[in-house]
Amino acid sequence: MQEHVVSTDHRTATFDRHHPPATAVEPDDIVTFETGDVAYERLHNGESVEDIGLETFNMVTGPVAVKGAEPGDALVIDILDVKVRRAWSVWMPAFGGLGERTDATRTREIEIDGDSLRISDDLSVPLEPMIGCIGVAPAEGEGSTFQPSYPFGGNMDLRELSPGATLRLPVEVDGGLLSVGDLHAAMGRAEPTWVAIEAAGSARLHVDVEKGAAPPTPRIRLGNTTLCMGIGPTLEEAHQSALDQAYELLMDEHGLNSFDAYAYASARVGMRFGGPCGPIVMAEVPDPE
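**Student:** How should the overall build of the chain be read in this particular structure?
**Tutor:** When you go through the chain residue by residue, the secondary structure sums to four helices and 21 strands. The C-alpha radius of gyration of the chain comes to 19 Å, within 12% of the 19 Å expected for a compact globule of 289 residues. A principal-axis box enclosing the C-alpha atoms of the chain has dimensions of 60 × 40 × 35 Å. The buried share of the chain, reckoned over its 289 residues, is 48%. Sequence-distant contacts in the chain: of pairs separated by 6 or more residues, those separated by 24 or more amount to 75%.

Structure, rendered in structure tokens:
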């Protein structure tokens, strides 16, 4: 097991198999991805979104090639730590769930005070760092780091992508080509305003390969629960995809017969929205006892 650090000198605005890897690592290595916040600083200093470029707000660091990873494999990523060095709240007109409630761009650097974020002198919230955007390269074309989310990852904005979670991504090209960005200091589930407490910092990840085990879409393991991600052109289709994956998980990995899997899903599987970048539904599957 070796440690690697990838700086923000290696950053892109897309997931693309043609991006040269910043480095190549062995399975079971640890990689720290450093991320920046230049776009938020520029916005805070009075530049417009148009001048900065919307794509620069979700730049990702990487990609990193994992030796031996091949199409059909799963890239297994343990989130060991996420450190935040600076944080921002940004409110822009006509953007996000509350974008109509302001007529001017407003920004505020949020003070990091131990395990808290000071929104103001009278208001603090817990510091809960997480990864907003993480993915591998697609087999064809390129993927945006802004929207939508894809079967190979992307800007998923899932609250669970925090230290202690394990993420599985389906490898589509040799080496996987993993990239990480859009760190958050705190975020409500499903990113209700389309903006979190945005952050610069670093994500330390343990990266491994599971041969021939690619999930159909990103899959998260947190404690004794598996989260299956449904993606589709509509919320109804995303819901069905997530539920189908949960049902198959109960039979294939937990050994339940078809009726037991159905009854258990009826009793214990929870459904909820994913991030706001497209029709995403999560199925939360607690382990059968």
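After that view, the rundown keeps rolling.
**Student:** In this structure, what is going on with the side chain of Ser179? I would like to understand it.
**Tutor:** Tracing the backbone shows Ser179 in strand β16 (residues 178–186). When residues no more than four places from it in sequence are discounted, the contact partners of Ser179 are Phe15, Phe33, Val60, Thr61, Gly62, Pro63, Cys133, Ile134 and Gly135.

**Student:** What is the right way to read the nonpolar core from this model?
**Tutor:** Where a protein is soluble and globular, its nonpolar side chains tend to be buried together. The biggest cluster of nonpolar side chains holds 38 residues, and the ones touching the most others in it are Leu75, Ile131, Ile134, Leu161, Leu178 and Leu205. For Ile131, the contacting residues outside a window of four places in its chain are Ile79, Val82, Leu158, Leu161, Val180, Gly181, Asp182, Leu183, Ala203 and Leu205.

**Student:** Honestly, the environment of Ala213 in this entry has me stumped. Any pointers?
**Tutor:** Its place among the elements puts Ala213 in the loop between β17 (197–210) and β18 (219–222). For Ala213, a relative accessible area of 27% puts it in the partly exposed group. Between the C-alpha atoms of Ala213 and Leu169, which are 44 residues apart in sequence, the distance is 9.6 Å. Apart from the residues within four sequence positions on either side, Ala213 is in contact with Gly72, Asp73 and Ala74.

Quick notes on the rules
Residues numbered from 1 in each chain as written. Predicted model: local features only at pLDDT ≥ 70, side-chain atom pairs only at ≥ 80, totals over all residues. Heavy atoms only, no water. Helix = DSSP H or I, 4+ residues; strand = E, 2+ residues; numbered from the N terminus. Rg over C-alpha atoms; globule rule 2.2 N^0.38 Å. Buried < 20%, exposed > 50% of the residue type's maximum accessible area, 1.4 Å probe, protein only. Contact = heavy atoms within 4.5 Å. Core = buried A, V, L, I, M, F, W, Y, C linked by side-chain atoms within 4.5 Å.

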